[in-house]
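Next come the chains, spelled out residue by residue.
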Protein chains: 2
Amino acid sequence: MPGQQTARTTIADVAKEAGVSVSTVSRALRGLDKVNPDTRARVEAAAEKLRFTFSKTASSLASGKSMRVAVLLPNEINSWFNSYTFEGVYEVLSREGYDVVPYVMWEERDLNRFFHTLPGTQNFDAVIVTSFILDAAQREFLDTLTIPMIGINVPSTEGFDASVRIDDVAAMHGVVRLLRSLGHESIAYVEQPVQLSPFVCSDSVRLEGFLDAAEQQGYDEEHILTIPSLTRAGSEDDDDAQESVGGEAAAISDIAAQLVGATSQPTGICVENDRCAVMLLKELRRLGWRIPEEVSLIGFDGDNVGDVVDLTTVRQNPVQLGRAAAGKALALMRGDEPDEAHTVAPTSLLMRATTARLTA
Amino acid sequence: MPGQQTARTTIADVAKEAGVSVSTVSRALRGLDKVNPDTRARVEAAAEKLRFTFSKTASSLASGKSMRVAVLLPNEINSWFNSYTFEGVYEVLSREGYDVVPYVMWEERDLNRFFHTLPGTQNFDAVIVTSFILDAAQREFLDTLTIPMIGINVPSTEGFDASVRIDDVAAMHGVVRLLRSLGHESIAYVEQPVQLSPFVCSDSVRLEGFLDAAEQQGYDEEHILTIPSLTRAGSEDDDDAQESVGGEAAAISDIAAQLVGATSQPTGICVENDRCAVMLLKELRRLGWRIPEEVSLIGFDGDNVGDVVDLTTVRQNPVQLGRAAAGKALALMRGDEPDEAHTVAPTSLLMRATTARLTA
DNA sequence: GTGAAAGCGCTAACAC
DNA sequence: GTGTTAGCGCTTTCAC
C-alpha cells in the first residue's frame, strides 16, 4: 500500500466525529436531501472542526464524473482570440464547479497524444475545441467518443455535438462590398504572416470568403492580390516573446514590400487579424503610404489593439463565443439537448479611421 | 454501486488480453523498468488493440499524486501579464505531464473558497499564485499546507516556498531618475483606472516605489501628483468586453481631466501599465498636449500594445517569470530544494518615442 | 432518514 | 521479472 506521508482527514474521520456513517456525511456535505437538519448541522460542525474537504479525485473516481472540461487551443493561450474565448468558457463553467483545463496544440503530435488519452477513461466530462482544422480521420474519431465535443469557430460541424461560430465568409463579403463601395479597383488579402500552429483555420476560411466575394463583386484576377502566411516559420522554439515578435516584424516588412512592389498596386487591403493589421499599418505609413486617403486598410477581430489607431475592422466577440460554447457543454453534460446545436454568432463591421472613399 | 453507462476498458482487460497481471500492465505501460521487453511489447499490443488509456483519476487516487497544478490569478486570464505568465507556466509544466488549471479570483469569497478546498486532500500537487496581495491570516494559512506554494510577483515571500518577482521599486527608481534627467520638475503617477480585483498588488507596490524615488530625487510634495484607481468600480457584472472597455474609456478621460486641471501641471507622467498608458496618450494628445515635446509619458510592462505608438516603458518578461516559477514548482514537487528559492528577475527601461528632454 | 458494503480503476508494497 | 493483494477516499445501491 502507498506510503502515507500525512494522515489526511477523510470522510471517515468526519463520520466518527459526528457519530454518523460515511454515507450520511457524504449526503450532508453535498447538500443532498433526505438528511435530517440536525444531523446535517452536526456533520457540518464536525467537518469544520476537522477542516475536512472532499478529495476531488476520489469523488471523481467513485461517481464517474470528473468535473473537468478540456479546452483545446491550436496555438498560444495568450493570443487575443484564444484568451478571450477561454475567459468566456471559464466564466460559465467555473461557476458550475467545473475545472477548465487548457491544452495547447502546437503540433500534430500534441493532438494525437491528447486524443489518445481520451477514450475509455472519464478524464474529462466534455471537450471544447477552438479554431481547429481536423482531418476526416480525426473527426471520425471524435464520433467514437462518448463525451460531448463542442466546437468554437470550427470549419465543419462534423464530429461535434454542438458548436458556435462566426460566419467568416459572410463577414468577408461585407468587407469586400465595403472596399468596392469606397471605390477600390484593386484589392488585397493578407494572411497572418507567421502561422505557428498547423490547426488554425481562420486563415483559409477567411481567404476563401474574400476570394469568393471579390469574384462576386466583379474583381478579376489581376486586381486581387493574396499574400499567404509563412506557415510554421517559427518551428524551432522561439526563445521568448520578444524574439518571436522580432520575427513577425520582419515578416510584416516583407509583406509591405510585396504590396508596394505589386504589379497592380492594391488600394483596398484586408488583413486576417487586427494585430497584424496594426503592424502593417504602421509599416505602410512609414513607407509613405497615406492611409486612409490613398489606401484603405481593414482588420479582423475587434482586438483592442486596433482602438489605438482607430482601425476599421470586423468585430467578433470571443467572450460570448466561449460562454455560448460552455452553455452548450453544460446542457450536453446534463444529458439535455442544447436549444440549438450549432449556432452562428454575429459579427459587425466597425468603421473607423483606416478606411475612406477613394477620391483620386 | 454506480451505474456503469459504458463498459470501460480497464487495466484488467488489458491484463487478460496480454495474459499477464494488472501490475505488469501498469509497469509496462508506464515505462518502468523491471519489465521483460517481450512482455512489454505484448502488453502494448494489447493496450493498442483495446484502445486502452489510463484513467488519470484512478492513478491519482492510488498514487497520491494529482499531476495537477493550480494557478491563481487575481483577475482576468486575458490580461497581458496574466496570459503571458500562464503561457510560461503551461509550457514548462505541460511538458512534464502536469495539467495546469487556472483559477480566477474576483472576490475575497473566491479566494477563501479555493483555500478551503485545498487542505487535507491532494487536489493539487502545487499552487502557483500570481500578483497577489494576501493578508497575514491567509499567508499563515499557506504555511499550513503541505504542497508547494510558489509566488509570482507577490509582494512578500512569506508563506511561499519559492517565488519569482521583478523589483518594482527599483524599476520605479529608474523611471523617476529618467524623468528627473529629462528636466521634469513636476511629475505624476497614474494607477490603473479601473481595478476589478482586490488582490492585485502591482498598483500599490509601484506607487510606493515611485513616491520613494521621487522623494529621493528631491521632488517635494507639490510637484508630485498621484491619481489613484477607482477600486472595484466594475463590481456588478460587466456584460461583455466591449462594455467594460467603455467604462475604462470614461475613466481615462477623467484622468486626463485631472492631469490637465492639476495645480502644478505635471510634465513627466508614469502610468501603472502600458495598456492604460496608451489610452491616456491618445486622450492627452486629443486634448492638445504635445508628447514628447512638452510632456513625457512612461508605461510599464512591455505589452506589445505599446509598440504601435512607440511607448517608452519598463519592460518585464512574464513568460520567463512563468517558466521560472514552474521550474521551481517542479523542483519542489520532486522534493528537491530549488537552486534559489526567491528570485528577482530583471526589468529594463525601453526608451522610445513618448519621452524626450524638456526644452522649455 | 440512515447505515453497510461493494465498488470506481489504479498503484505499490510484498512475496515469489 | 511477475503476480497477489490491500488500499487510495469517495459514491451509490440496497436494506432497514
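About the thresholds
Residues numbered from 1 in each chain as written. Chains lettered and ligands numbered in written order. Predicted model: local features only at pLDDT ≥ 70, side-chain atom pairs only at ≥ 80, totals over all residues. Heavy atoms only, no water. Axes fitted to C-alpha atoms, helices over the stretch in contact; angles between N-to-C directions. Helix = DSSP H or I, 4+ residues; strand = E, 2+ residues; numbered from the N terminus. Parallel < 35°, antiparallel > 145°, perpendicular 65-115°, else oblique. Left-handed = near helix turned anticlockwise from the far one by under 90°. Contact = heavy atoms within 4.5 Å. Nonpolar A, V, L, I, M, F, W, Y, C, P; charged D, E, K, R; others polar. Disulfide = S-S within 2.5 Å. Buried < 20%, exposed > 50% of the residue type's maximum accessible area, 1.4 Å probe, protein only. Near = heavy atom within 4 Å. Polar contact = N/O pair within 3.5 Å; in protein donor to acceptor, adjacent residues only side chain to side chain. Phe/Tyr/Trp six-rings, centres within 6.5 Å; stacked < 30°, edge-to-face > 60°. Lys NZ or Arg CZ within 6 Å of the ring centre and 35° of its normal. Domains from an automatic or database assignment.

A short note on the packing of helix 4 (residues 56-63) of chain A against helix 4 (residues 56-63) of chain B
Part 1: The interhelical angle for the contact between helix 4 of chain A and helix 4 of chain B, taken along N-to-C directions, is 130°, at an axis separation of 9 Å. Between helix 4 of chain A and helix 4 of chain B, the angle falls in the class oblique. Crossing handedness for the pair helix 4 of chain A and helix 4 of chain B: left-handed. Residues Thr57(A), Ala58(A), Ser60(A) and Leu61(A) of helix 4 of chain A lie in contact with helix 4 of chain B, whose contacting residues are Thr57(B), Ala58(B), Ser60(B) and Leu61(B).
Part 2: Looking at the contact of helix 4 of chain A with helix 4 of chain B, its residues break down into 4 nonpolar, 4 polar and no charged.

Let's talk about the state of the cysteines
Any covalent bond linking the sulfur atoms of two cysteines counts as a disulfide.
Residue and element names in this part refer to chain A.
Part 1: Considering all chains together, one arrives at 0 disulfides over all chains under this definition.
Part 2: With no disulfide of its own, Cys276 lies 12 Å from the sulfur of Cys270, the closest cysteine sulfur.
Part 3: Judged by relative accessible area, which is 1%, Cys276 ranks as buried.

Focus: the environment of Asp301(A)
Residue and element names in this part refer to chain A.
Part 1: Secondary-structure assignment places Asp301 in strand 11 (residues 296-301).
Part 2: For Asp301, a relative accessible area of 8% puts it in the buried group.
Part 3: Those residues within four positions of Asp301 in sequence are excluded, and the remaining contacts are Trp80, Arg206, Asn273, Asp274, Thr313, Val314, Arg315 and Gln316.

Focus on the protein's contact with DNA strand D
Part 1: Looking at DNA strand D, there are 30 residues lining it, with Ile11(A), Ser26(A), Thr24(B), Arg27(B) and Thr39(B) nearest.
Part 2: The share of sugar and phosphate among atoms of DNA strand D within 4 Å of the protein is 68%.
Part 3: A distance of 3.0 Å is found between a sugar or linking oxygen of DNA strand D and a side-chain nitrogen or oxygen belonging to Ser59(A).
Part 4: Asn36(B) places a main-chain nitrogen or oxygen 2.7 Å from a phosphate oxygen of DNA strand D.
Part 5: Where the surface near DNA strand D is concerned, the elements lending two or more residues are helix 2 (22-30) and helix 4 of chain A together with helix 2 (22-30) and helix 4 of chain B.
Part 6: Of the residues belonging to the surface near DNA strand D, the class tally is 12 nonpolar, 13 polar and 5 charged.

Focus on the packing of aromatic side chains
Residues and elements named next belong to chain A.
Part 1: Evaluated as defined, the whole model comprises 18 aromatic pairs over all chains.
Part 2: Between Trp80 and Tyr84, the aromatic rings sit 5.6 Å apart at their centres with planes inclined by 40°, giving tilted as the arrangement. Of this pair, Trp80 and Tyr84 both sit in helix 5 (residues 80-95), 4 residues apart, roughly one helical turn. In this structure, Trp80 and Tyr84 share a single accessibility class: buried.
Part 3: Ring geometry for Phe132 and Phe199: centres 5.2 Å apart, planes at 20°, overall stacked. Taken together, the residues Phe132 in the loop between strand 3 (126-130) and helix 7 (136-144) and Phe199 in the loop between strand 7 (194-195) and helix 9 (202-216) connect sequence positions 67 residues apart.
Part 4: Classification of Phe132 as buried rests on a relative accessible area of 1%.
Part 5: Of note, Arg180 hangs over the ring of Tyr219, and the distance from its end group to the ring centre comes to 4.1 Å.

Let's talk about the domain arrangement of chain A
Part 1: Per the domain assignment, the segments of chain A are domain 1 (11-62), domain 2 (68-166 + 318-345) and domain 3 (168-317).
Part 2: With centres defined by C-alpha atoms, the gap from domain 1 of chain A to domain 2 of chain A works out at 34 Å.

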